[in-house]
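Residue-level structural notes
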Amino acid sequence: MSDFLPGLEGVPATKSAISYIDGEKGILSYRGYPLETLAENSSFEESTLLLLNGELPTQKALDDFKQELRQNYRIKYHIREMMRHFPHDGHPMDMLQTAVSSLGMFYPGTECLTGADTCEDLDYVRNMTVNIIAQMSPLVAMWQHIRYGWDPIQPRSDLSVAENLLYMFNGEEPDPLLAKIMDVCLILHAEHTLNASTFAALVAGSTLASPYSVISAAIGTLSGPLHGGANQRVVGMLQEIGSPDNVEAWVDGKLKNKEVIWGMGHREYKVKDPRATILHKLVEKLVEERGGALDDMFDTALKLEEVCADRLGHKGVYPNVDFYSGILYSEMGIPEDQFTALFAVARSAGWLAHWREQIANNRIYRPTQIYVGSEMREYVPMNQRG
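Below: a short report on this structure. The structure presented is a predicted model; accordingly, all values stated were derived computationally and were not measured.

**Comments concerning the overall build of the chain**
Within the chain, the regular secondary structure consists of 16 helices and three strands. A globule of 386 residues ought to have a C-alpha radius of gyration of about 21 Å, and the chain, at 22 Å, matches this closely. Each of the three principal axes of the chain carries a C-alpha extent, and together these read 75 × 55 × 45 Å. Evaluated residue by residue, the chain yields a buried proportion of 51% over its 386 residues. A fraction of 77% describes how many contacts in the chain between residues 6 or more apart in sequence connect residues 24 or more apart. Only carbon and sulfur atoms are counted for the fraction: they give 50% of the accessible area of the chain, which is about 18,800 Å².

If you want it as C-alpha cells, here you go:
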C-alpha cells in the first residue's frame with residue numbers, strides 16, 4: 001500500500017487539459033495561453049469559452065455565447081422570494097450555495113445523467129453551463145440589496161458579466177476602468193488546476209450529480225478560510241495593522257507566535273503568485289488614474305510585502321492572489337464578506353470546465369484509506385462494562 005500523504009499533496013488524481021501551473025517559475029496558463037496574455041487581451045467571456053472548449057472562439061461563437069449569457073441573467077421570481085426569507089445576517093457564501101443548489105428545482109433536467117459512463121447530450125451540457133455561469137453574479141449582487149430589505153436591481157442585457165455585476169451592486173453605470181479591473185479579476189480567478197473546490201466538483205460530478213449540486217459542493221468548499229475566504233481576511237488584517245509604520249513590528253509578532261499572515265504563501269508557488277503580480281499592477285493603475293488617492297491599505301500592503309519578502313522569501317513565501325484582490329474590491333464599493341462570493345462567480349467557469357471533462361470520461365471517485373483503529377474485538381454487554 002502507498003504511503004499516506006496528508007491532504008493528498010502531490011498525488012495525481014486526474015488527467016486534465018484545462019490549466020497548468022509551474023510553481024517554481026510562477027507560471028499559470030489556461031489551455032496553453034499564459035495568464036498574463038489573457039488578462040491583457042481577453043475578456044471573462046472569451047476566457048470562459050477557452051476553458052470550456054479548449055480553443056479561442058471565433059467572433060461569432062463569442063458573440064453567441066455573450067448573448068446566451070445575457071439572456072439568462074434574470075433570476076426566476078420564486079428564487080428571489082426564497083432569498084428574501086434567508087437570515088439577513090447570513091454570509092453571502094451560505095446564500096450562494098443554497099441558491100445555486102435550489103436552481104436545480106427551478107431549472108430541472110438530468111436526462112443526461114442517468115448512470116451512463118459518458119454524457120453525450122451536448123445541448124444539455126451547454127445549457128446547464130450557460131445557465132449557471134450567467135446566474136452566479138446576479139445572485140451575488142441581488143443578495144447585497146435583499147439582505148438590507150431593498151428590492152434587487154434588475155440586470156441589464158446590454159452589459160458584460162463584469163459590467164452587469166458592478167451595475168447590479170451599485171445601481172450606477174459602471175466606471176469603465178473599474179469594469180475592466182473587475183473583468184480581469186474574474187479571468188484571474190476563473191481556474192487554477194486541481195484546487196480543493198475543483199476537486200470537490202470532480203468528486204460530486206463523478207457521481208453524476210446534477211451540475212447545480214456539483215457547483216454547490218464546490219461553493220461550500222471554497223467558503224473555507226484556507227481556500228477562498230482568505231481575501232476577506234487580508235483586508236481585515238491590513239486594517240488591523242493600520243499603517244506602513246506598524247508593519248515590521250506586526251510581522252515580527254506574528255512570526256514569533258507562529259500565526260498566519262493572510263495572503264502570504266501558496267502551496268503551488270515558490271515565487272510571487274502570477275495572479276498577485278497582475279493584481280498589484282491593477283492597483284497601481286487605479287492609483288495613477290485617481291492621482292494617488294487610494295485607501296491607505298495599499299501602502300500598508302506594499303510595506304507588508306516588502307517585510308515578508310525579507311523575513312520569509314527564503315522559504316518561498318510571497319503574496320498569493322488573495323493579497324491584492326480585496327483592496328481592489330474595496331475600491332469598487334464591494335463589502336468584505338462578498339469577496340469570496342465574487343471568487344465563486346469567476347471560478348464557476350473552471351469548475352464547469354472540469355465537470356465537463358469529468359463526465360466525458362467518467363469514473364466515480366473512490367479513494368482508499370489506511371486504517372489505524374482497533375483490532376477486531378468482542379462485544380461487551382452493558383452490564384459487564386466497567
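The discussion continues.
**Some remarks on the side chain of histidine 189**
When you line up the elements, histidine 189 lands in helix 8 (residues 176–189). With a relative accessible area of 1%, histidine 189 lands in the buried category. Setting aside chain neighbours within four positions, we find histidine 189 in contact with Tyr30, Val321, Ser325, Tyr329, Phe343, Ala346 and Arg347.

**Topic: the sheet that holds strand 2 (residues 27–30)**
Taken together, three strands build an open sheet; the order of strands is 1-2-3 and the sheet is antiparallel. Of all the strands in the sheet, just strand 1 (19–22) and strand 3 (33–34) have a single pairing partner and so form its edges. In terms of strand pairing, strand 1 meets strand 2 through four bridges, oriented antiparallel. Bridging from a neighbouring strand, isoleucine 21 pairs with leucine 28 of strand 2.

**Some thoughts on the packing of helix 2 (residues 44–53) against helix 8**
Angle between the axes and distance between the axes: these two values describe a pair of packed helices. Running from N to C, helix 2 and helix 8 point in directions that differ by 15°, and their axes come no closer than 9 Å. One finds that helix 2 runs roughly parallel with respect to helix 8. Of the two elements, helix 2 crosses helix 8, and the hand of that crossing is right-handed. Between helix 2 and helix 8, the residues in contact are Phe44, Glu45 and Ser47 and Asp183, Leu186 and Ile187, respectively.

**A short note on the packing of aromatic side chains**
Enumeration over the complete set of coordinates arrives at six aromatic pairs. The interplanar angle of 50° and the centroid separation of 5.5 Å between the aromatic rings of tyrosine 329 and phenylalanine 339 together place this pair among those described as tilted. Here tyrosine 329, found in helix 15 (residues 322–331), pairs with phenylalanine 339, found in helix 16 (residues 339–360); they are 10 residues apart in sequence, far enough to count as distant. Neither tyrosine 329 nor phenylalanine 339 differs from the other in exposure class; each is buried. Put simply, the rings of Phe298, Phe323 and Tyr324 touch in pairs and so form one group of aromatic residues.

**Some thoughts on the nonpolar core**
Counting residues in each nonpolar core, the largest one holds 117 residues, and the members touching the most others are Met136, Met182, Met237 and Leu304. The element that contributes the greatest number of residues to this core is helix 6 (residues 122–146), accounting for 14 residues. Apart from residues lying up to four places away in sequence, methionine 136 is in contact with Leu96, Val100, Ile215, Ile219, Ala344, Val345, Ser348 and Trp351.

**Describing the environment of tyrosine 269**
When you line up the elements, tyrosine 269 lands in the loop between helix 12 (247–256) and helix 13 (274–289). Residues tyrosine 269 and isoleucine 21 lie 248 residues apart in sequence; the distance between their C-alpha atoms is 8.5 Å. Once residues lying within four places of it in the same chain are set aside, the contact partners of tyrosine 269 are Ile21, Gly23, Gly26, Ile27, Leu28, His192, Pro274, Arg275 and Gly316. A distance of 2.7 Å separates the side chain of tyrosine 269 from the side chain of histidine 192, its partner in a polar contact.

**Digging into helix 10 (residues 211–222)**
When the terminal C-alpha atoms of helix 10 are compared, their 16 Å separation across 12 residues agrees well with the 16 Å that a helix rising 1.5 Å per residue should span. Those residues of helix 10 lying buried are Pro211, Tyr212, Val214, Ile215, Ser216, Ala218, Ile219 and Leu222.

**With respect to helix 2**
Most of helix 2 sits out of view: nine of its 10 residues are buried. Just downstream of helix 2 lies glycine 54, where phi reads positive at about 95°.

**Quick look at the pairing of strand 2**
On a regular strand, one side chain projects to one face of the sheet and the next to the other, so that they alternate. Taken together, the two bridges between strand 2 and strand 3 define a ladder with antiparallel strand orientation. If you follow serine 29 over to strand 3, its bridge partner there is proline 34. Between strand 2 and strand 3, which pair antiparallel in sequence order, lie two residues; one of them, arginine 31, sits at a positive phi of approximately 55°.

**As for unusual backbone geometry**
Residues apart from glycine generally show negative phi values, whereas peptide bonds are mostly found in trans. Positioned with a positive phi, leucine 8 is a non-glycine residue whose angle comes to about 55°. When you line up the elements, leucine 8 lands in the segment before strand 1. Judged by its relative accessible area of 47%, leucine 8 is partly exposed. Of note in the backbone geometry, arginine 31 takes a positive phi value of approximately 55° without being a glycine.

Procedures and definitions
Residues numbered from 1 in each chain as written. Predicted model: local features only at pLDDT ≥ 70, side-chain atom pairs only at ≥ 80, totals over all residues. Heavy atoms only, no water. Helix = DSSP H or I, 4+ residues; strand = E, 2+ residues; numbered from the N terminus. Rg over C-alpha atoms; globule rule 2.2 N^0.38 Å. Buried < 20%, exposed > 50% of the residue type's maximum accessible area, 1.4 Å probe, protein only. Contact = heavy atoms within 4.5 Å. Areas by Shrake-Rupley, 256 points an atom, 1.4 Å probe, with all protein chains shown as cover. Pairing = 2+ DSSP bridges. Axes fitted to C-alpha atoms, helices over the stretch in contact; angles between N-to-C directions. Parallel < 35°, antiparallel > 145°, perpendicular 65-115°, else oblique. Left-handed = near helix turned anticlockwise from the far one by under 90°. Phe/Tyr/Trp six-rings, centres within 6.5 Å; stacked < 30°, edge-to-face > 60°. Core = buried A, V, L, I, M, F, W, Y, C linked by side-chain atoms within 4.5 Å. Polar contact = N/O pair within 3.5 Å; in protein donor to acceptor, adjacent residues only side chain to side chain. Expected span 1.5 Å × (residues − 1).

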